[in-house]
Structure formats: structure tokens, C-alpha cells
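# Fold and geometry: a report
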Protein chains: 4
Amino acid sequence: MRLKQELYEIIFEADTPKGKAFDVILLITILISILLVLLESVPSINAEYRGLLRILEWVITLVFTLEYLLRIFIVKRPFKYVFSFYGIIDLLAVLPTYLSLVFVGSHSLVVIRAIRLLRVFRIFKLNRYTVAGNNLSRALWASREKIFVFLFFIINLVIIVGTLMYLIEGPENSFVSIPSSIYWAIVTMTTVGYGDISPQTPLGQLLASVVMIAGYAIIAVPTGIVTAEMIRTPDKTNTQVCSQCLHDKHDNDAVFCKKCGTPLNGTHQS
Amino acid sequence: MRLKQELYEIIFEADTPKGKAFDVILLITILISILLVLLESVPSINAEYRGLLRILEWVITLVFTLEYLLRIFIVKRPFKYVFSFYGIIDLLAVLPTYLSLVFVGSHSLVVIRAIRLLRVFRIFKLNRYTVAGNNLSRALWASREKIFVFLFFIINLVIIVGTLMYLIEGPENSFVSIPSSIYWAIVTMTTVGYGDISPQTPLGQLLASVVMIAGYAIIAVPTGIVTAEMIRTPDKTNTQVCSQCLHDKHDNDAVFCKKCGTPLNGTHQS
Amino acid sequence: MRLKQELYEIIFEADTPKGKAFDVILLITILISILLVLLESVPSINAEYRGLLRILEWVITLVFTLEYLLRIFIVKRPFKYVFSFYGIIDLLAVLPTYLSLVFVGSHSLVVIRAIRLLRVFRIFKLNRYTVAGNNLSRALWASREKIFVFLFFIINLVIIVGTLMYLIEGPENSFVSIPSSIYWAIVTMTTVGYGDISPQTPLGQLLASVVMIAGYAIIAVPTGIVTAEMIRTPDKTNTQVCSQCLHDKHDNDAVFCKKCGTPLNGTHQS
Amino acid sequence: MRLKQELYEIIFEADTPKGKAFDVILLITILISILLVLLESVPSINAEYRGLLRILEWVITLVFTLEYLLRIFIVKRPFKYVFSFYGIIDLLAVLPTYLSLVFVGSHSLVVIRAIRLLRVFRIFKLNRYTVAGNNLSRALWASREKIFVFLFFIINLVIIVGTLMYLIEGPENSFVSIPSSIYWAIVTMTTVGYGDISPQTPLGQLLASVVMIAGYAIIAVPTGIVTAEMIRTPDKTNTQVCSQCLHDKHDNDAVFCKKCGTPLNGTHQS
């Protein structure tokens, strides 16, 4: 029991020196594993080091699998962990390698591991980056309705503009269908502008000009929404995680989990 | 009479469970009808599933026609509805399909059916998203004068820049005329940057650089305008529609329509 | 004398119905004259309607000449007007057409007529849009120092990045010289992205990625500057112009010009 | 000693007329030296004016060398200066030219001279623009945590999106490896959009559309962060530099250096 509690603090938290060390090692391992996937996809590198890359990939997968099983063993309510956000990500981080035994192409899906990098925030748990992140996402969350309305409006606009451009330019000027015209409208409205499709007729260029200037002005809207939300003062939060229910938004002076009453770090001090 | 009032609330409003259900179903139908228009324009899909697409198209057209007639029957002042914005949209949503029976060559006209998308905005009256939308459009409306001045300034700028680039680069570097140079100026100033026209001479590239950096800084202006407007606190609004004059901007405590005095939902409660 | 004063109010101010009407007509004439310049530059249109375009051009030039002479006659201090900003613009608006009679080759010079567009700004003194425009430019003027520092920083950055890319990519990957690499850096940093020059080596693409993400974040700076300035409350201004010294920034309750003491509109009421 | 103190104020500070004059001359010299580096890299100019450019280059190098030695002689603690940031920049500004005498092939190294541009920042200590610059950088520094979290999020997103696109489009559509797909994701997300790589399959275009709209909305985040920070009122700062420890952030009423206690400009007044 003693061991389990100590392991819990090392693996799930980052308040003790050992906990930090564990997280830092985990972080580095994740970065290496992502680098492996990237390198493997480069034809010239894959041709030369295929064997080495495969071995390293399996070593890392086994380490991650071990860590996953350990997490299940340590947590007080394993099911809750398994179906939590990080539980699912942790599983997805190892699954593709095993699946690649069955399905040959599914290997590079392993990149989902990149999401595990989010644990960086857990490591920075100790410090203000988590707070900054929480404040950011709180501002975005508070403005979700306006952003949703905005996106809905944009989608409507690109469908209408795309259809108009299909009528004006037509398949002979590489606007081959309405969906591909909508794709062009999105590329233009968001000011990306690949140039693979671009209007050729004067009328098409006129409409495109209007769309571009509109897109240029429209970008003010999400910016205004988010900025207005951010100006309202943000709050500090805390980096502790409850060992019972995995709730991770505790106040700085919290001693017990506000969701299930479990002492936070309590067993550690006694 | 009882039935007519109940139908009115279901079809025109969204405050009762039935009204919400109707709107959700209508939303899905509209989205499907838009999808049909999109798919029909893709040559490969149209070649293979032409028959199926035509049948589905007719089913949806009949449903929309029924709904249109029902709306005319239910509303207290049908003429007002027929010539209102949404009344015309509702008619245009079904007309092209019928016309394609009479005029064989009018097939390309069928694309006008994409106008059905505008019907989505009527349904979008559903819930708190309306409030967010109203608040957004109020902020934009309040800053309309500044945005107008800004757009006027941008249009002046692109005409002057376009003319200068025509003089500098000339037709030999694909700046074939002043209008197409203005088109280039818009593409550049808005940071879209297709690359179909780009300056070749050193002087042209210097001017283009100035335009790009200017455009990069100028985008701060609409953003500043809208943000400053959004910071001023917004208000809540309501989703009721008057059965008499179709006015749809009522306060939350409104019992009678402020435009024509008709009781709002009043007949429902008595 | 009576006539002169009345004409002054019609031509130079916009507070009376006649003054407004004059400005609207002038605005339309200017827009037509600009349209003529644009159309004349399109090869196909010029080939077909050359005669008509030339006639219209001369009609407009004569109207503008008449207006120019009238302005000189009306203003109390003609020399001040002739050498003022708008006086020079008004002259440049008609000069190129006359010059094209004397110097045959000076036809391309006729494009300078596009400068007539600047005259629009004088008319734009019409109504509340002026107030919006003044408030906008006041906010921009107040943030000029920060914007200057920002632009200076951007210029430094693109020179350094451009030089680095020239070293990394070199002339063999179309980064032919440092100036053209700087041009690429500006195209990239401002998110325009023509694609006429783009990095080919892995190291070049890595640096380009850093530059792009930096440019994406840097755009927040001018936006922040301008927005912060705009949130501070703006002031109303007035559209009267002094007949004596042409000063045009008077308070709403001003009866005399604060620069030279001349009564504003005073002769009008007596 | 008197001379040394006077020279110190001229060269290191910008509070006296002579000090300002020195800075302006230095600024112009630096700009000319940068222009030389730029021009030398243009093949056609280098071919024709090689001799003249070389002579000017040596003149400027000698002037900068003299200035560098003078700075060492004047400063109270020369070693501290030599190993300070600007001390190293000042050395690197002259070293490449001398090295090109010894190592013949090191000509391309001469491009490092562009580092002289960084010297501009030292001079930029001139006037109220410093205050604006300090206020700007203070706002950015205050929001560094949120910007860091934001960049971390963006990097995660482009890795995942890049991998997905590699799986969807694959090497046959120019998404040759995951790193180059990530490069594409950055080019798209930041709305640069070169168009050298662009999705060809419908699914790829759909994902690209989502990425573009996301990138369009995401740009609101850094803007919001910086704007919110800038709205908090900024402070004035001062342009004095301590002759002892080179600390340069003193309050306006400071008489002694707050880092080492040395009087600021004190010897000047006595």
C-alpha cells in the first residue's frame, strides 16, 4: 500500500522531486518516439535505418505499455482512469504499434502520441504555465457560443460564395464542382491563397476581390470576441490531481478534493 | 382555429418542445438538400447516381412546398409573409426544381437551390446561440461607420497601388491592365497571395514589400474597431416572433408585439 | 459678393443642401473619371471604344478645369489654395490630359489622372462618416510611435531572416540575392505567401516554419497597439472649413475660425 | 580623464546634443554598411562594381574598428564590455572583413557582416521611441507564458494535422514525408499558403478546409493575449547607461546606478 501511494505520487503528480523526474523522462521519451515516427516517414532515412527505427519503436511501445498498466494498477478507481481523457490518449499512444502487426499501413498513426505531450502541462504543473493555459482555455470556453455562431456564419458564406463562383467561372476555369469551389472560397476567405485554383474571368476576379476584402475584415470578429473575453480578469488555479476521481481543478488552499472529499497529497504527509 | 395557433407556434417559434423538434428536423432537411446540390455538381458522382439524386431532390422539394403552403395558411397576414425576406427565400428554395421541368436547358439554374442555405438562418433562431449572434451583429452594426470608412480607405489604396504597379511592371510582367493590377493589389494587401500575378522588377518588388507590410499593419484597424465595440457590454434578446407582423426582436418581458400590439403567444395560454 | 459667398458655401462646404448636392455630383464625376482611366488600360476595351473614351475624358477634364478656376475665383486667398494639398491635387487631375496634346508620347502619363481619386477624400467631408474617419485616424496617430517601433523591428527581422535564408538556400534554390531573400522573408512573414520563391532544403523549411509561426504571432502586436488606443473614448468633430485660411478642424460650437478669426458661415446668416 | 568622460557621454549615451549627433552618424554608417552587404550579393551589381564595393567595405570596417577600440578605451571596465552582448556584436561586425584577408574561401562568411544590423538597436536608444519600444516589449514580456502555451498548442496541432495529411494524401500527392506534411500544415495554419504543396483528394481538401478555418480563428488567440496585456497602462523609462556596469534600465529620477551605485552622468555636472 505504501509503495502504491508512493508510485501514485511519482507517476500522477509532479510536486515531489521524483514526480518531476518521472515526468521529465516521460516527456523526453515521448519526444523521441515522435521523432522516430517523423524520421521513419522520410524515404531516404527509412531506407537506411529501417531496422534500428523499428527496434527503437518497439522498445518505446513496450515502455509505454508498462507505464499504462502501472497507471491502471496504481489508481484507486481504474475504470475512471481508463475512460478519462488521458487514459484514452495513453491507450491510443501504444495501440497503433500493436495494430501494425495486423494492418500493415496503420503504423504512423502512432503520432497520436503527440497528444501525450500535453502532459508537459502536468510537468509544468508546478508552475504558472498551467495557470496561463487554464486562463486561456477559460477565455476561449466563455466565448464558445459566439465563436460557434461565427463559424456557422463563415460556413454559410463560403457555401454561397462557392456556389456563385461555380456559376461564374465554371468547370472550364478549374472550378470543377461546387465542393471544389467551396474549397476555393475557404482558401481565399481565410487568406491562405494557395493559387492552385484562381478566378480567370473579370466577374470572377471582382467577386474574389469582394470575398478577400470581406475575409480581411471578418477576421476582426473572432479576434474581437476572444480579446473582449480575455480582458475580463483571469483566475489562478492549482495543479493537484485527486487520486480518487482524477479531478484536477483544485484551489490553491484545497486540502481535500472538492468532488469526492479524498485528501489531496494527504497520505504523503502522514 | 386552435389547430392553426398550435401550428403557428410549432412552425414559426421555437419556445415549445414541438417547435424545437420542428426546427431541428427542418435544419436537417435543409442540410441534406444542400448536400444534394453539392453532390450533383460533382461530375463523377452525378454520372453514377443521377437517378437517386433526382428522386431525393423531388422528395425534398415536395416537403418544402408543403411547408411553404402551410406557412401561408397559418400566418395571419399571408401577403406580408409572402413578400417578406424569408417568404421569398422559401419560394426560391422550391421554384428552380419546378422550372427545370418546363425549361429543359435551365438545369444550371438548379444551382440556385443553394439559396436554401439561407433558410438555415431562420432556424438558427433556436436557442442561446441567437443571443450570441444578436450580440455579435449588434457590435458589428455599432461599428458600421468606422468599418465603412476603413473599407473606403482600402479601396482607394488598392486603386492607387494598382495603378502604380501597372506603371512600374506593365503588361510584359502579367500586370496586363489597371483593373487586373488592382486585383493583384487586393490579393496582396489582404495577405491572400495567390501568386498567379507577382512582381518581377526590383522596384515592383520593393513597392510590393511596402504594400505587404502596410497590409499586415492595416489589418489591425478593423480588428481594433470591432474589439473596442465588443468590449462594451452586450444585451440579451428573445426568440419570439409576432404572428401578425413577423417582427422578431422582442424583449424577454414582452407580452405584446412592440410593433403592432398583437399578443405574443398570448392565445396559447388562454 | 453675395454670389461669391454662396458659391463658396456650395463648393467648399457641405452644411447646406446645395453644398451636399454639389459634393455628391462631384463624387460621381470623380468615380466616372477613375472608371475611364481603368477601362482605357484594358487592351480589348481600348481597342474598341478608344474614340468614346477620349471624348468622355475631355468632357470630364473640361468640367474639372472649370471647377478648378471657380475655386480659385471664389476663395479669399487664391494663392494659399493653389499651393495647398488639395489645390495641387486639383491641378494634377486635369494637367495630364492637356499635356497629352503637346507631348504625343506622354500618353502613359495619363495614368496620373488616377490621382483624381485623392479628390474623393475632400468630398468625404460629407457627414458623420467624417467623424468616424477622424476618430479612426486619431487613434492611429496616437499609436504612431509604437507602430513605428514595430515596423522598425519587422524591417530588422526580415533583413536578418533574409540573409540567413540566402546563406542556407542560396542562388541554386531561387534565393538569388540577399535583397530577393528579404523580399521572400516579407512575403512569408506577412503571411502573403505567393509561392514564387519557396525553400527547398530541410533546414530552409525549418527556418521558414519558425518565421511563419513568428509572423502569425507577431501580427498580434499592431493589432494590440491599435485596439488599446481605440478603446480610449473618441471625440466628435465638425465639417466646416474657414473661407480665409482653409483650416478644417473646428469644434461644433465654433462661430469664428480659431486660426485666423474669420467668421464661419457668418456672412450666410446676416 | 576629462576627455574620457566626455567621450563616454558622446559614445555611450544619447542625452547630450553631441551624443545624439554621434548616434545619428553611427546609424547612417550602419545602414550604408548593410546596403553594401545587400548590393554585393546581387550578381549583376557585384560583377560591375566589385572594386568600389570592396573599397567602401574597408573604409567602413576601419571606422567600426576605430569605434570598437575607442569604446574599450573609454569604458571603466573594458572586459565587461568586451564580453557583453553589444561588445560581441561590435566585434563580429568587423571580424569577417579581416578574416576574408586570411582565408580566401571565407568570402561567403562576409555575409555575417549583416549582423551589424543588430547594432542599430543600440542606437535606437535615442528618444521617445525607446519608451514606446520598452512599453511594447514589456507588454509582450508580461504575456510570455500565455504565448508559450499557445505556441506549444500550435506545434502539437501541426504535428497531428501533418501526420493525418501524410496518411490521407501520401507521397503520390507531394506529401512526401511527415516532416514535409508538417511543413505544409504550418504553411496552411499560418495562412501563408505558398501552394507548392496542396491537397488533391477530396478528403485531404476537407481536412485542409477545417485546418484553414481553425487557423483563421486561432489567430484571435495571440491577438487577444497581447491586446489584453497592452490595455493595462504602460510606464515611462529612461535612456541612461551606467558607465560602470552598463546597466541601462534606470528610472527617470535615478542619480546613481541601482545595480552598482555608480553616479549616472554625475561627473558631467560637477
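In what follows, the accompanying structure is described. (Residues numbered from 1 in each chain as written. Chains lettered and ligands numbered in written order. Predicted model: local features only at pLDDT ≥ 70, side-chain atom pairs only at ≥ 80, totals over all residues. Heavy atoms only, no water.)

### Considering the overall build of chain A
When you go through chain A residue by residue, the secondary structure sums to 13 helices and zero strands. Mapped from its N terminus to its C terminus, chain A presents α and β elements in the order α-α-α-α-α-α-α-α-α-α-α-α-α. Residue pairs at least 24 apart in sequence account for 57% of intrachain contacts in chain A once pairs closer than 6 positions are excluded. Carbon and sulfur atoms make up 70% of the accessible area of chain A, which amounts to about 12500 Å² in all. (Helix = DSSP H or I, 4+ residues; strand = E, 2+ residues; numbered from the N terminus. Contact = heavy atoms within 4.5 Å. Areas by Shrake-Rupley, 256 points an atom, 1.4 Å probe, with all protein chains shown as cover.)

### Topic: the interface of chain A and chain D
Taken together, the contacts link 46 residues of chain A with 44 residues of chain D. Roughly 3900 Å² is buried in total at the junction of chain A and chain D, and carbon and sulfur atoms are behind 76% of that figure. Inspection of the region where chain A meets chain D yields zero salt bridges. Inspection of the chain A/chain D interface yields six residue pairs in polar contact (both at pLDDT 80 or more). Where the side of chain A that touches chain D is concerned, the elements lending two or more residues are α2 (17-41), α7 (120-123), α8 (128-142), α9 (144-168), α10 (178-189), α11 (202-218) and α12 (220-231) of chain A. (Buried area = accessible area lost by both parts, 1.4 Å probe. Salt bridge = Lys/Arg side-chain N within 4 Å of Asp/Glu carboxyl O. Polar contact = N/O pair within 3.5 Å; in protein donor to acceptor, adjacent residues only side chain to side chain.)

### Observations regarding the relation of the copies chain D and chain C
Note on the copies: chain D fits chain C at an RMSD of 0.1 Å, the axial shift is 0.0 Å, and the rotation between them is 90 degrees. Taken together, these values place the two copies in the relation of a four-fold axis. (Least-squares fit on C-alpha atoms with pLDDT ≥ 70 in both.)

### Points about empty space enclosed by the protein
To locate leftover empty space, one rolls a probe as large as a water molecule over the atoms. Following the criterion strictly, the structure yields five cavities of 30 Å³ or more and no others. Here the largest cavity is characterised by a volume of approximately 80 Å³. Together, Thr191 and Ile219 of chain A, Thr190, Thr191 and Ile219 of chain B, Thr191 and Ile219 of chain C together with Thr190, Thr191, Gly215, Tyr216 and Ile219 of chain D line the largest cavity. Tallied by class, the residues present in the lining of the largest cavity amount to five nonpolar, seven polar and no charged. Residue lining of the second largest cavity: Ile219 and Thr223 of chain A, Ile219 and Thr223 of chain B, Ile219 and Thr223 of chain C together with Ile219 and Thr223 of chain D, and that is the complete set. (1 Å grid on protein atoms, 1.4 Å probe; cavity = no way out; pocket = protein on both sides within 12 Å on 5 of 7 lines; lining within 4 Å. Points joined across faces, edges and corners; volume = space filled by probe spheres on them. Nonpolar A, V, L, I, M, F, W, Y, C, P; charged D, E, K, R; others polar.)

### Overview of the environment of isoleucine 11 of chain A
Within the fold, isoleucine 11 of chain A resides in helix α1 (residues 2-12). Considered as a pair, isoleucine 11 of chain A and glutamate 169 of chain A are 158 residues apart in the sequence and their alpha carbons are 59 Å apart.

### Notes on the nonpolar core
The biggest cluster of nonpolar side chains holds 200 residues, and the ones touching the most others in it are Trp184 of chain A, Trp184 of chain B, Trp184 of chain C together with Trp184 of chain D. Look past the residues within four positions of tryptophan 184 of chain D in its chain and what remains in contact with it is Tyr194 of chain A together with Val161, Met165, Phe175, Ile197, Ser198, Pro199 and Ala208 of chain D. (Core = buried A, V, L, I, M, F, W, Y, C linked by side-chain atoms within 4.5 Å. Buried < 20%, exposed > 50% of the residue type's maximum accessible area, 1.4 Å probe, protein only.)

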